[in-house]
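# Descriptive analysis of the structure
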Amino acid sequence: MATVHTSVPLSALRRRNNNEVTAARLGELDAMLVDAGFQLGEDGPAGAKLGMRRDLLIEYLHAINDRCKQLWKPHLAALAKRMRLSVSEVYEVASFYHHFHIVGDVGDVDAPSPPRAVVRVCNGLSCEMRGAKALREALASRVGADVLVLDAPCVGRCDTAPAVTVDQRELLSSKPIDVNCVIDALASPSKRLATSVKRAIPPERFTILKECLDEQRSVESVIATLESSGLRGLGGAGFPAGRKWRIVKNEAAPRLMALNIDEGEPGTFKDRHYLETNPHQFLEGMLIAAWAVGIDAIYIYLRDEYHAVRATLTELLAELRANPPMPNMPKIELRRGAGAYICGEESAMIESIEGKRGIPRLRPPYVAQVGLFGRPTLEHNFETLHWVPEILAKGAAWFTSHGANGRSGLRSFSVSGRVKQPGVKLAPAGITLNALIDEFCGGMEDGHTLYAYLPGGASGGILPASLANVPLDFDTLQPYGCFIGSAAIIVLSQHDRAVNAARNMMQFFEHESCGQCTPCRAGTVKANALIATDQWDVSLLAELSQVMRDASICGLGQAAPNPIDCVVKYFPHELHQRD
């Protein structure tokens, strides 16, 4: 990165309107954006570039952050000038997302030296159980001051805990990651870091989509098959997929699609697994949905931690554009998250795609009516569309023929914690935890017995081993104060405590609250303080929980009390209570 030196005193420079600083940095900014593949367009008035888009603000910030491993405020000021935005508007977006590291002052002359590398150690529950805290502390003391070592919320690799990322790639190892693994990766990055896998689109290219385009299948038959299959949204909310298609299709064109691959729920990694092993099935499901609903443009929102997957998807989308499998194929844009769990909420994700802070919208209107860029929007989780081609190929009856304990369908369980074989387990809907562990996970680890489990990630609550025979599916866990959500199962043994799990979850919620509404913003802070002590004021916690559930704008604040409520209900023996 070029540096401009000046003899003007820094104090005087800060008092000016920063024209000198902004002008000096515009060339650096332009070079970074062009190198990242952006078309900047012609010069406009007052230093603006006419080709720059407001909705790509976060993508521009990524281009700077990737190159410099930080966001220097003079570059933010230059970006604001190019986009004809205020510096405060650019800054408020950049400062909202955890993966942007802002340094310096707008009037600074020289940029601070960037870190040699940014290492993030996951502090999610599954990783904490595998020694992540000790690993981060050891790294901070050994890697040197030029390496930035940070705590990170769940990075979607709970099956290989503890999880570590180094700059733009995930660290992989055949054994539990330790300090030496990270130091080795810093010295020789190509040896141990995840890279994209070339997965060219197969020659047969989307058989079910072709049948739709050739009128062998009608739109009505496709939607009816999905309705008969009972396929529901698999990101957590569980809304029937076929019904959602009908709702959006009945709205006025143009219609858009927003695909949620943010997958930030601690314990969840199923979407990453399928993207790494079979991305083509998802792409076909996406295009079938676009055909059936009449979609003009598709926006795929992928969590920033999935660096290798992003490279693979970029290649596959380029292949689709070069050889479209359908006439008038919708425009497809791949958008990159920036480390904000709240963007898993559909309206917050849409705000982020539009280049804003990921703050949930008040409803109504609903996303299906007024969504992305004000247009009717079909919003889906990745896995929901992953199932579409297979259900259409094999029929609704095939899908419903699976199931256990009176439930129907298949579920992809992300299983981590104290089991011998963690990973994504495709199992019948309604399977119990006991059966899931014994039949799909090789049993509990040696020396461990089942003590408790989280059936739906951080927000799904905590249940004791005595309730390990409850069917795992939508609507079966609510009577116990829990829900399945994205089917993230974290297994605890007698060596763990539910109290510590609740503390980990509530620290996560405090960190990830967007801050828009007081019940969530202040409630998570207060709850953390109340459960940090050995003696819990259960009456006050109950009042706080009720307020958060009743008054929070979105599901984060509404579900955040679940782990605490479950500890009070099912694990009172762990508590020193004050009524």
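Residues numbered from 1 in each chain as written. Predicted model: local features only at pLDDT ≥ 70, side-chain atom pairs only at ≥ 80, totals over all residues. Heavy atoms only, no water.

This part covers the sheet that holds strand β9 (residues 331-336). The 4 strands are arranged β9-β8-β7-β10 in an open sheet whose pairing can be described as parallel. What marks the edges here is a single partner per strand, and that holds for β9 and β10 (377-381). Going from strand to strand, the sheet's axes swing by 20 degrees on average, the running direction of each strand aside. Here strand β7 (residues 255-261) pairs with β10 via 5 bridges, running parallel. Following the sheet pairing, L256 is matched in β10 by T377. The sheet strands contacting helix α13 (residues 270-277) are β7, β8 (295-302) and β10, and the helix crosses β7 at an angle near 100 degrees. Packing of helix α15 (residues 307-322) onto the sheet brings it into contact with β7, β8 and β9, and relative to β9 it is tilted by some 170 degrees. (Pairing = 2+ DSSP bridges. Helix = DSSP H or I, 4+ residues; strand = E, 2+ residues; numbered from the N terminus. Axes fitted to C-alpha atoms, helices over the stretch in contact; angles between N-to-C directions. Contact = heavy atoms within 4.5 Å.)

Tracing the sequence through the fold places P114 in the loop between β2 (102-103) and β3 (117-122). On the basis of relative accessible area, P114 is assigned to the partly exposed category, the value being 45%. Contacts of P114, omitting those with residues within four sequence positions, involve C68 and Q70. (Buried < 20%, exposed > 50% of the residue type's maximum accessible area, 1.4 Å probe, protein only.)

Take the pairing of strand β15 (residues 488-493) next. Counting buried positions along β15 gives 6 out of 6 residues, so the element sits mostly inside the fold. Every second residue of β15 is oriented toward a common face, with A488, I490 and L492 on one face and I489, V491 and S493 on the other, all of them buried. The pairing of strand β11 (residues 410-417) with β15 spans 4 bridges and is parallel. Across the sheet, the residue bridging to V415 is I489, located in β15. Where strand β13 (residues 450-454) meets β15, 4 bridges bridge the pair, whose relative direction is antiparallel. If you follow L454 over to β15, its bridge partner there is I490.

To continue, consider the sheet that holds strand β14 (residues 463-464). Taken together, 5 strands build an open sheet; the order of strands is β12-β11-β15-β13-β14 and the sheet is mixed. Lying at the two open borders of the sheet, with one neighbouring strand each, are β12 (423-428) and β14. Strand contacts of α13: β11 and β12, with the helix running at about 95 degrees to β12, the strand carrying the most contacts.

What follows concerns helix α17 (residues 382-394). Taken as a whole, α17 carries its principal kink of about 25 degrees at V388; the proline P389 stands between one and four residues after it. Among the 13 residues that make up α17, 11 are buried, leaving the element largely enclosed by the rest of the structure. Those residues of α17 that fall on the buried side of the exposure criterion are F382, E383, T384, L385, H386, W387, V388, P389, E390, I391 and L392. Residue N381 occupies the N-cap position of α17, its side-chain oxygen lying 2.9 Å from the main-chain nitrogen of E383. Two residues or fewer past α17, G395 is found with a positive phi of approximately 95 degrees. (Bend = angle between axes of the 7 residues up to and from the residue. Polar contact = N/O pair within 3.5 Å; in protein donor to acceptor, adjacent residues only side chain to side chain.)

Bringing the layout of surface pockets into the picture now. Estimates place the volume of the largest pocket at around 1,300 Å³. Together, 47 residues line the largest pocket, and G236, A237, G344, E345 and E346 are the ones closest to its centre. Contributing elements (two or more residues each) for the lining of the largest pocket: α12 (241-249), α13, β10 and α23 (555-559). Examining the composition of the lining of the largest pocket, we find that 5 residues originate from one element, β10, more than from any other. (1 Å grid on protein atoms, 1.4 Å probe; cavity = no way out; pocket = protein on both sides within 12 Å on 5 of 7 lines; lining within 4 Å. Points joined across faces, edges and corners; volume = space filled by probe spheres on them.)

Moving on, we come to the pairing of β12. Across a regular strand the side chains alternate sides, sitting on one face of the sheet and then on the other. Across 6 bridges, β11 lies against β12 in antiparallel orientation. Counterpart to R411 in the pairing with β12 is A427. Two successive antiparallel strands, β11 and β12, enclose a turn made up of 5 residues.

Turning to the environment of R321, a few remarks are in order. Tracing the backbone through its elements, the reader meets R321 in helix α15. On the basis of relative accessible area, R321 is assigned to the partly exposed category, the value being 45%. Note: C-alpha distance between R321 and D438 (117 residues apart in sequence) is 45 Å. The contact partners of R321, leaving out residues within four places of it in the chain, are M329, I332 and E333.

Further remarks concern the pattern of salt bridges. Applying the stated rule across the entire model yields 42 salt bridges. E28 is the partner of R25 in a salt bridge, and the nearest nitrogen-oxygen pair spans 2.9 Å. A residue pair is termed a helical-turn pair when its members lie 3 or 4 positions apart in one helix, as R25 and E28 do in helix α2 (residues 19-35) at 3 residues. Accessibility assignment for this pair places R25 and E28 in one class, buried. Between D151 and R136 there is a salt bridge, and its shortest N-O distance comes to 2.8 Å. Of this pair, D151 sits in strand β4 (residues 147-152) while R136 sits in helix α7 (residues 132-142), and the two are 15 residues apart along the sequence. Assessed through its relative accessible area of 43%, D151 is described here as partly exposed. The network of salt bridges with shared partners includes R53, D55, K331, E333 and R335. (Salt bridge = Lys/Arg side-chain N within 4 Å of Asp/Glu carboxyl O.)

Tracing the backbone shows R418 in the loop between β11 and β12. If we skip the residues at most four places from it in the chain, R418 touches M129, R130, M444, E445, H448, V491, L492, S493 and D496.

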